[in-house]
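# Observations on chain architecture
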Amino acid sequence: LAELGGRITNALRTMTAHTVIDEEAVDTMLKEIASALLAADVNVKLVQKLRKNVKGKINLEDLATGLNRRKMIQQAVFDELCEMLSPSRKPYVPKKGKANVIMFVGLQ
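Parameters and conventions
- Residues numbered from 1 in each chain as written.
- Predicted model: local features only at pLDDT ≥ 70, side-chain atom pairs only at ≥ 80, totals over all residues.
- Heavy atoms only, no water.
- Helix = DSSP H or I, 4+ residues; strand = E, 2+ residues; numbered from the N terminus.
- Buried < 20%, exposed > 50% of the residue type's maximum accessible area, 1.4 Å probe, protein only.
- Contact = heavy atoms within 4.5 Å.
- Areas by Shrake-Rupley, 256 points an atom, 1.4 Å probe, with all protein chains shown as cover.
- Expected span 1.5 Å × (residues − 1).
- Arc of directions from axis to C-beta.
- Polar contact = N/O pair within 3.5 Å; in protein donor to acceptor, adjacent residues only side chain to side chain.
- Core = buried A, V, L, I, M, F, W, Y, C linked by side-chain atoms within 4.5 Å.
- Axes fitted to C-alpha atoms, helices over the stretch in contact; angles between N-to-C directions.
- Left-handed = near helix turned anticlockwise from the far one by under 90°.
- Nonpolar A, V, L, I, M, F, W, Y, C, P; charged D, E, K, R; others polar.

Our next topic: the overall build of the chain. Looking only at helices and strands, one finds four helices and zero strands in the chain. In sequence order, the chain lays out its α and β elements as α-α-α-α. In the chain, which comprises 108 residues, the proportion classed as buried is 25%. Restricting to contacts in the chain with at least 6 residues of sequence separation, those with at least 24 account for 56%. Only carbon and sulfur atoms are counted for the fraction: they give 56% of the accessible area of the chain, which is about 8,300 Å².

Right under this line is the structure:
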């Protein structure tokens, strides 16, 4: 998990090191983040959704020149990573008086 965080931080740091934030810099950053997530066994569909949503949130032509593009891009990536981790379904609630089967995997 520490390696994943390091790779994502490195990708964002590399993007902020560019003198001009253009489509190529954003694509490079998103590719690095996607490869880090895939190396950490994140579902491919979730990674594709993250890339699409980040690109949808940041339209470089529409951003005003007075706004800090780097901060807006970092915030978009942060928001999408948080959205990816937040549960979209309610947790399973065992029913009383009924047999509930729960499988635990990978416990030591």
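Quick look at helix α3 (residues 44-57) now. End to end, α3 covers 20 Å across 14 residues, agreeing with the expected 20 Å (1.5 Å per residue, within 8%). Within the sequence span of α3, burial applies to Val47, Leu50 and Val54. Looking straight down α3, one finds that the buried residues subtend no more than 55° of arc, so they occupy a single side. With respect to the buried face of α3, the exposed residues turned more than 90 degrees away are Lys45, Gln48, Lys52 and Gly56. Here the buried face of α3 lies against α2 (23-39) and α4 (69-85). Of the residues that open α3, the one with a side-chain oxygen 3.1 Å from the backbone nitrogen of lysine 45 is asparagine 43.

Here histidine 18 is to be found in the loop between α1 (2-17) and α2. A C-alpha to C-alpha distance of 9.7 Å links histidine 18 and arginine 70, two positions 52 residues apart in sequence.

Proteins that are soluble and globular tend to have nonpolar side chains buried together. Counting 22 residues, the largest nonpolar core has Ile8, Val26, Met29, Ile33, Leu37, Ile73 and Val77 as the members making the most contacts within it. At the level of secondary structure, the elements contributing two or more residues to this core comprise α1, α2, α3 and α4. In this view, isoleucine 33 contacts Ile8, Ala11, Leu12, Leu50 and Val77; residues no more than four positions away in its chain are not counted.

Turning next to the packing of α3 against α4. One way to put it is that α3 packs onto α4 with a least axis distance of 9 Å and a crossing angle of 145°. The element α3 and its partner α4 pack so that their crossing is right-handed. For the pair α3 and α4, the contacting residues are Leu46, Leu50, Asn53, Val54 and Lys57 in the first and Ala76, Val77, Asp79, Glu80, Leu81 and Met84 in the second. Taken together, the residues of the contact of α3 with α4 sort by class into seven nonpolar, one polar and three charged.

Within the secondary structure layout, glutamate 80 lies in helix α4. Residue glutamate 80 is classed as buried on the basis of its relative accessible area of 8%. Side-chain polar atoms of glutamate 80 contact the side chain of asparagine 53, separated by 3.1 Å. Setting aside residues no more than four positions away along its own chain, glutamate 80 makes contact with Leu50, Asn53, Val54 and Lys57.

So, about the environment of arginine 13. Inspection of the secondary structure puts arginine 13 in helix α1. Remark: the alpha-carbon pair of arginine 13 and methionine 29, spanning 16 residues in sequence, is separated by 9.0 Å.

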